Amino acid sequence: MKLKHLMSGLLALSLLAGCTGGIAPSPTPSVSQEMEAHNKDTFAMDTLMSFTAYGPQGQAAVETAAKEVVKLDQLLSVTGEDSEVWALNHAQGQPTVMGEDALALLTAAQALGRATDGALDVTLYPLVKAWGFTTGSYQIPGKDTIAALLENTGYDEIAIDGDTVTLPQGMEVDFGALAKGYAGEKCVKLLREQGVTSAILRLSGNIQTIGAKPDGSPWRIAIRDPESINNSDYLGVLELVDQAAVTSGNYERYFEYDGVRYCHIMDPSTGAPTQNPLTSVTIVGPSGTACDGLSTALFVMGRDRALEYWRSAGGFEVILVEQDKNVWITPGLADQFSLKDGLGYTLNILEE
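Residues numbered from 1 in each chain as written. Predicted model: local features only at pLDDT ≥ 70, side-chain atom pairs only at ≥ 80, totals over all residues. Heavy atoms only, no water.

Undergrad: Help me understand the pairing of strand E2 (residues 47–54) in this model?
TA: Look at any regular strand and the pattern is simple: side chains alternate between the two faces of the sheet. Most of E2 is tucked away: six of the eight residues are buried. As defined by bridge partners, strand E1 (residues 37–44) adjoins E2 across eight bridges and the pair is classed as antiparallel. Considered in E2, the bridge of Lys 40 is made with Phe 51. Hairpin remark: E1 followed by E2, antiparallel, with two residues in the connecting loop; positive phi at Met 45, about 55°. In this sheet, strand E6 (residues 199–203) lies alongside E2 in antiparallel orientation, the contact comprising five bridges. Considered in E6, the bridge of Met 49 is made with Leu 203. (Buried < 20%, exposed > 50% of the residue type's maximum accessible area, 1.4 Å probe, protein only. Helix = DSSP H or I, 4+ residues; strand = E, 2+ residues; numbered from the N terminus. Pairing = 2+ DSSP bridges.)

Quick look at the structure:
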């Protein structure tokens, strides 16, 4: 399946759930009203989120967005005992009725899993736990433990029949690689329905924009330098208009043992943290859900496979950063991304 079709399909699919209505028309706003920023911060999905919208409906819109991400967090949490994901993971192989949001994410996860030949797999949660990434008590599991846990993974083993989902006993799903992108994408739709034409939503490493800034200039997003200490420096600046951008990197959650860094991004083929020269991957495209999933999948693939996938699939743009300080960007970002001077990185623009 070509990704440009998959991206548009996921965009439609992931927004099936619960987005209603709009508001009554209001008088034509003044220029000052259009330029006024309305802000809302909230904590959800284990991160601080920040929403900014412009225009007379902006404050109501960002309040709506904040409520939506909190609701999704409660529904999709892998650890919250009242969540739909918890119920599914503890159903012991019995069918479980799921709501629209969880169903949309499960369907998107399977579509992206197939499209990336398994580089994205939402059933790796038992392995994430075994390596200690859920508790911070890091360890390197034995080979037999990893092999046994891998037996209970596989996105295609998730059976979806209408609103009923069945997992094989012992399998657990986790939407950590998709939930923020999905939440941001859903909030974009909510804001548009309320008449917002200029907004930026920051959900940790997930950025969603509506239109441009009120003055017509693009949003300027700092991409973190993977080698910075305490998130103190940025690699470069990405300009966005009406797009999503999602970054995954090996600096977010990791531990080191005998000089080897083990990051939280698991390789489904090995059951271990991904090991390759990439330090971060940023995906830019129209669908936050797809960008979120692809940032993880392409990180797992490594540079060569990731670029081969981009060339064959299309429909999105990429920034790849490697340990040797080479930065690779796809041609569509040549006029959107600028590298910060003085950090020693080399910018390479890929060929089609």
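Text resumes after the structure shown.
Undergrad: Quick question: what am I supposed to make of unusual backbone geometry here?
TA: Both trends apply: most residues other than glycine have a negative phi, and most peptide bonds are in trans. The phi angle at Asp 117 is positive, at roughly 55°, despite the residue not being glycine. Among the secondary structure elements, Asp 117 is positioned in the loop between helix H5 (100–115) and helix H6 (125–130). Notably, Asp 258 is not glycine yet its phi reads approximately 50°, a positive angle. With a relative accessible area of 68%, Asp 258 lands in the exposed category.

Undergrad: In this structure, what is going on with the confidence of the model for the chain? I would like to understand it.
TA: It should be kept in mind that the predicted coordinates are not to be read in detail where pLDDT is low. Summarising the model, the chain shows a mean pLDDT of 91, and 90% of its residues fall at 70 or more. Overall, residues 12–31 carries pLDDT values under 50, and its contacts beyond four positions in sequence, including any with other chains, amount to 30 contacts. (pLDDT = per-residue confidence, 0-100. Contact = heavy atoms within 4.5 Å.)

Undergrad: How do you make sense of H5 when you look at a structure like this?
TA: Since one α-helical turn is 3.6 residues long, residues separated by three or four positions face the same way. Along its 16 residues, H5 runs 22 Å from first to last C-alpha, staying within 8% of the 22 Å computed at 1.5 Å per residue. Taken from the residues just after H5, Asp 117 is the one with a positive phi, measuring 55°. (Expected span 1.5 Å × (residues − 1).)

Undergrad: Is there a simple way to explain the environment of Gly 170 in this structure?
TA: Note that Gly 170 resides in the loop between strand E5 (164–166) and helix H8 (179–193). For the pair Gly 170 and Leu 48, spaced 122 residues apart in sequence, the C-alpha separation works out to 32 Å. The contact partners of Gly 170, leaving out residues within four places of it in the chain, are Pro 126 and Asn 152.

Undergrad: I keep staring at the sheet that holds strand E19 (residues 346–349) and nothing clicks. Help me out?
TA: Paired through their backbone hydrogen bonds, the strands of a sheet run either parallel or antiparallel. As summarised here, the arrangement of the nine strands in space is E1-E2-E6-E7-E10-E15-E16-E17-E19, forming an open sheet in which the pairing is mixed. Edge positions in the sheet fall to E1 and E19, since each of these pairs with one other strand and no more. On average, each strand axis in the sheet is tilted by 10° relative to the strand beside it, whichever way the strands run. Bridge count between strand E16 (residues 317–322) and strand E17 (residues 326–329): three bridges; the pairing is antiparallel. Within E17, the position partnered with Val 321 by the bridge is Val 327. Packing of helix H3 (residues 58–76) onto the sheet brings it into contact with E1, E2 and E6, and relative to E1 it is tilted by some 10°. Against the sheet, H8 contacts E2, E6 and strand E7 (206–210), and its axis sits at roughly 15° relative to E7. (Axes fitted to C-alpha atoms, helices over the stretch in contact; angles between N-to-C directions.)

Undergrad: Honestly, the packing of aromatic side chains in this entry has me stumped. Any pointers?
TA: Think of a pair of aromatic rings as described by two things: how far the centres are apart, and how the planes are tilted against each other in angle. As enumerated under the stated definition, the model contains seven aromatic pairs in all. Geometrically, the ring pair formed by Tyr 138 and Phe 255 is stacked, given 4.9 Å between the ring centres and 15° between the ring planes. With Tyr 138 in the loop between H6 and helix H7 (143–150) and Phe 255 in strand E11 (residues 254–257), the pair connects residues that are 117 residues apart, well separated along the chain. Judged by its relative accessible area of 9%, Phe 255 falls in the buried class. Between Arg 261 and the ring centre of Tyr 254, over which it is positioned, the NZ or CZ distance is 3.8 Å. Here Lys 325 stacks its cationic end above the ring of Tyr 345, 4.9 Å away from the centre of that ring. (Phe/Tyr/Trp six-rings, centres within 6.5 Å; stacked < 30°, edge-to-face > 60°. Lys NZ or Arg CZ within 6 Å of the ring centre and 35° of its normal.)

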